Amino acid sequence: MNCIRWNLIYQKGLFYGKFEYRTDNHICMDLQSQNASKARKISKQDLFEHPDLYKVDDLLSEEHKLIRSSIRDFVKREISPYIEDWAQRSHFPYEIVKKFGNLGAFGPTIPVAYGGGGLDYISYGLIMQEIERGDSGMRSTASVQGSLVMYPIYKFGSEQQRKKYLPKLASGEWLGCFGLTEPDHGSNPSGMVTNFKDKGDHYLLNGAKMWISNSPKADVAVVWAKDENGRIHGLIADRGMPGFTTPETHGKWSLRASSTGELVFDNVKIPKENLLPGKSGLGAPLMCLDSARYGIAWGAIGAAMDCYDAARRYAADRIQFGKPIASFQLVQKKLAEMLTEITKAQLLNWRLGVLMNEGKATTAQISLAKRNNVQLALEISREARQIHGGMGITGEYPIMRHMMNLESVVTYEGTHDIHLLILGNEITGIPAFV
Ligand SMILES: Cc1cc2nc3c(=O)[nH]c(=O)nc-3n(C[C@H](O)[C@H](O)[C@H](O)COP(=O)(O)OP(=O)(O)OC[C@H]3O[C@@H](n4cnc5c(N)ncnc54)[C@H](O)[C@@H]3O)c2cc1C
């Protein structure tokens, strides 16, 4: 096996990060196999290659492509062989946290001085795309850590908070979570009831958050709560603080390899230095969500590409009526429409990445991309499931897992309809939320 360990060092101090790049294609396949057990064996190998009909790769730098290759190789080695088993058992592989840290998947756009990658937003998007190509739950772990925990600490935190938390979160020594949603306030976070009172030398935090990715294992929670004047602030709660518990949510049919839970605060004493001083109001958590939604727009296309790639291979291999099913017009129509949507989304993501790099991307642009890309990924997963026939409902292929995962992705970080209303507001200037 020909593996090259890369230490990328950008001149001018822009970036330092470790990526592993494998140059050989050590897996080969036999598409012609008519043998069922051989076909099953083939399905277990991760043979993914991304489609690129419009040569979007020409718009990427060599560094972008190298980063993508490195993450893809990691996913093929560390996620693909195990993910079906983790998902079937509803198991969160905690050891992946350290591995993501070593890879540089946490906080890729956070400056190197705080342990981040110092990369641009297209690199960040490609990392999310490749990880979600493996599994949306794995991408959720990475994007919560980077966009929803490290980002607010970097953007709104004090220098002391940045130095204390960011390097440990970047390396995967600590896992973080983001607590915004409450049992009675999901799409409308401004109604939150979680609150804190100023007790002189500390704050007293009370309330509960629900549907929190990573919470059962998290060392650190960025929690959004109202002060005595009803203004929203971010606070950092550390595991082990008396009165702070993180019960796990069981019975999910979606994101089964991701750990989800609650955050319960029963008179938790929060040191005053744990309040994020840089920004208050609902705009603060919404800025974090913009960053995470951007990553989801890329990630969803990863899942869509995996479904398309699996369906294309299966259609070439599966014989019915004496021919590969790929030779039937109805199957070709499904594949052609999948590729069309993926291609449009690749171009959309690239343009949005450029706008993010220039600091010009708007909430409406990010909403459009998240909404569009997750919806098309869901539709592609359903079409790919049909192409796989009965095999499509099994864990032999990634399709059903992606489809079930995407049902969460279309809901979290703003539901499909909430993003439509954000766009409606952009177009008309009239908010239709209430
Ligand atoms: C697996 C998973 C992980 C999650 N991780 C996190 C996390 O890490 N941190 C976190 O804070 N949250 C997290 N969430 C929560 C997620 O962001 C919320 O589920 C989402 O915002 C929707 O809130 P809700 O479930 O309360 O649904 P509701 O807000 O009750 O919405 C129910 C339905 O009503 C519709 N609706 C609501 N208001 C309107 C309106 N004004 N007009 C039209 N339709 C409307 C919605 O579109 C939706 O279809 C996660 C959720 C899931 C499922």
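First, a word on what this report is: a plain description of the structure on this page.

Analysis parameters
- Residues numbered from 1 in each chain as written.
- Predicted model: local features only at pLDDT ≥ 70, side-chain atom pairs only at ≥ 80, totals over all residues.
- Heavy atoms only, no water.
- Helix = DSSP H or I, 4+ residues; strand = E, 2+ residues; numbered from the N terminus.
- Buried < 20%, exposed > 50% of the residue type's maximum accessible area, 1.4 Å probe, protein only.
- Contact = heavy atoms within 4.5 Å.
- Areas by Shrake-Rupley, 256 points an atom, 1.4 Å probe, with all protein chains shown as cover.
- Salt bridge = Lys/Arg side-chain N within 4 Å of Asp/Glu carboxyl O.
- Near = heavy atom within 4 Å.
- Polar contact = N/O pair within 3.5 Å; in protein donor to acceptor, adjacent residues only side chain to side chain.
- Nonpolar A, V, L, I, M, F, W, Y, C, P; charged D, E, K, R; others polar.
- Axes fitted to C-alpha atoms, helices over the stretch in contact; angles between N-to-C directions.
- Parallel < 35°, antiparallel > 145°, perpendicular 65-115°, else oblique.
- Left-handed = near helix turned anticlockwise from the far one by under 90°.
- Core = buried A, V, L, I, M, F, W, Y, C linked by side-chain atoms within 4.5 Å.

### Points about the overall build of the protein chain
Now for step 1: Helix and strand counts for the protein chain stand at twelve helices and eleven strands.
Now for step 2: Considering the protein chain as a whole, with its 434 residues, one finds that 53% of them fall into the buried category.
Now for step 3: For the protein chain, the proportion of contacts with a sequence separation of at least 24, taken over those separated by at least 6, is 72%.
Now for step 4: If you sum the accessible surface of the protein chain, you get close to 18,800 Å²; carbon and sulfur atoms cover 53% of it.

### Description of the pattern of salt bridges
Now for step 1: Per the stated rule, a full pass over the model turns up 22 salt bridges.
Now for step 2: We note a salt bridge from R89 to D85, for which the minimum N-O separation is 3.0 Å. Note that R89 and D85 are positioned in helix α3 (residues 83-89) at a spacing of four residues, about one turn of the helix.
Now for step 3: E159 is the salt-bridge partner of R162, the closest N and O atoms lying 3.3 Å from each other. Taken as a pair, R162 and E159 lie in helix α7 (residues 159-171) at a separation of three residues, close to a single helical turn.
Now for step 4: The class of R162 is buried, set by a relative accessible area of 18%.
Now for step 5: By sharing partners, the salt bridges in this structure join D73, R77, E78 and K99 into a single network.

### Here's the deal with the site of the ligand
Now for step 1: Every one of the 18 residues lining the ligand counts as a neighbour, but T181, S187, W211, T415 and F433 are closest to it.
Now for step 2: Within the side chain of T181, an N or O atom sits 2.7 Å from a nitrogen atom of the ligand.
Now for step 3: At 2.7 Å, a backbone N or O of W211 approaches a nitrogen atom of the ligand.
Now for step 4: Surface burial for the ligand is 68%, taken as the share of its 970 Å² of free accessible area covered by protein chains.
Now for step 5: Going through the elements one at a time, β5 (202-213) and α12 (416-428) are the ones with two or more residues in the shell around the ligand.
Now for step 6: Grouping the constituent residues of the shell around the ligand by class yields nine nonpolar, seven polar and two charged.

### Quick word on the packing of helix α2 (residues 62-79) against helix α4 (residues 96-103)
Now for step 1: Packing of α2 against α4 brings their axes to within 12 Å, and their N-to-C directions diverge by 160°. Relative to α4, the element α2 is oriented roughly antiparallel. Viewed along their axes, α2 and α4 form a crossing whose handedness is right-handed. Contacts between α2 and α4 involve I71, F74, E78 and I79 from the first element and I96, K99, F100 and L103 from the second.
Now for step 2: Partitioned by chemical class, the residues of the contact of α2 with α4 number six nonpolar, no polar and two charged.

### Observations concerning the environment of A208
Now for step 1: Mapped onto the elements of the fold, A208 is located in strand β5.
Now for step 2: On the accessibility criterion, A208 (27% relative accessible area) is partly exposed.
Now for step 3: When the C-alpha atoms of A208 and V223 are compared, they prove to be 9.8 Å apart, with 15 residues separating the residues in sequence.

### Observations concerning the environment of A87
Now for step 1: With respect to the helices, strands and loops of the structure, A87 is situated in helix α3.
Now for step 2: Judged by relative accessible area, which is 9%, A87 ranks as buried.
Now for step 3: Separated by 318 residues in sequence, A87 and N405 have C-alpha atoms that sit 10.0 Å apart.

### Quick notes on the packing of α2 against helix α5 (residues 121-134)
Now for step 1: Between α2 and α5, the shortest axis-to-axis distance is 9 Å and the interhelical angle comes to 20°. Relative to α5, the element α2 lies roughly parallel. Crossing of α2 against α5: the hand is right-handed. Only I122, S123, L126, I127, Q129, E130, I131, R133 and G134 of α5 make contact with α2, whose side of the interface consists of H64, I67, R68, I71, R72, V75, K76 and I79.
Now for step 2: The class makeup of the residues in the contact of α2 with α5 is eight nonpolar, four polar and five charged.

### Quick word on the side chain of S367
Now for step 1: With respect to the helices and strands, the residue S367 is situated in helix α10 (residues 363-387).
Now for step 2: The class for S367 is buried, based on a relative accessible area of 0%.
Now for step 3: Side-chain polar atoms of S367 contact the side chain of H419, separated by 2.8 Å.
Now for step 4: Residues within four places of S367 in sequence aside, it is in contact with H419 and I422.

### As for the nonpolar core
Now for step 1: Ranked by internal contacts, the top residues of the largest apolar core, which has 61 residues, are F100, M138, I153 and W224.
Now for step 2: If you tally residues by element for this core, the top one is helix α6 (residues 136-156), at nine residues.
Now for step 3: The residues contacting F100, other than those within four sequence positions of it, are F74, I79, A105, F106, I131, M138 and A142.

### Remarks on the side chain of H402
Now for step 1: Mapped onto the secondary structure, H402 falls in helix α11 (residues 399-409).
Now for step 2: Look at H402 and you get buried, because its relative accessible area is 0%.
Now for step 3: When residues no more than four places from it in sequence are discounted, the contact partners of H402 are E132, R133, G134, D135, A303, D306 and C307.

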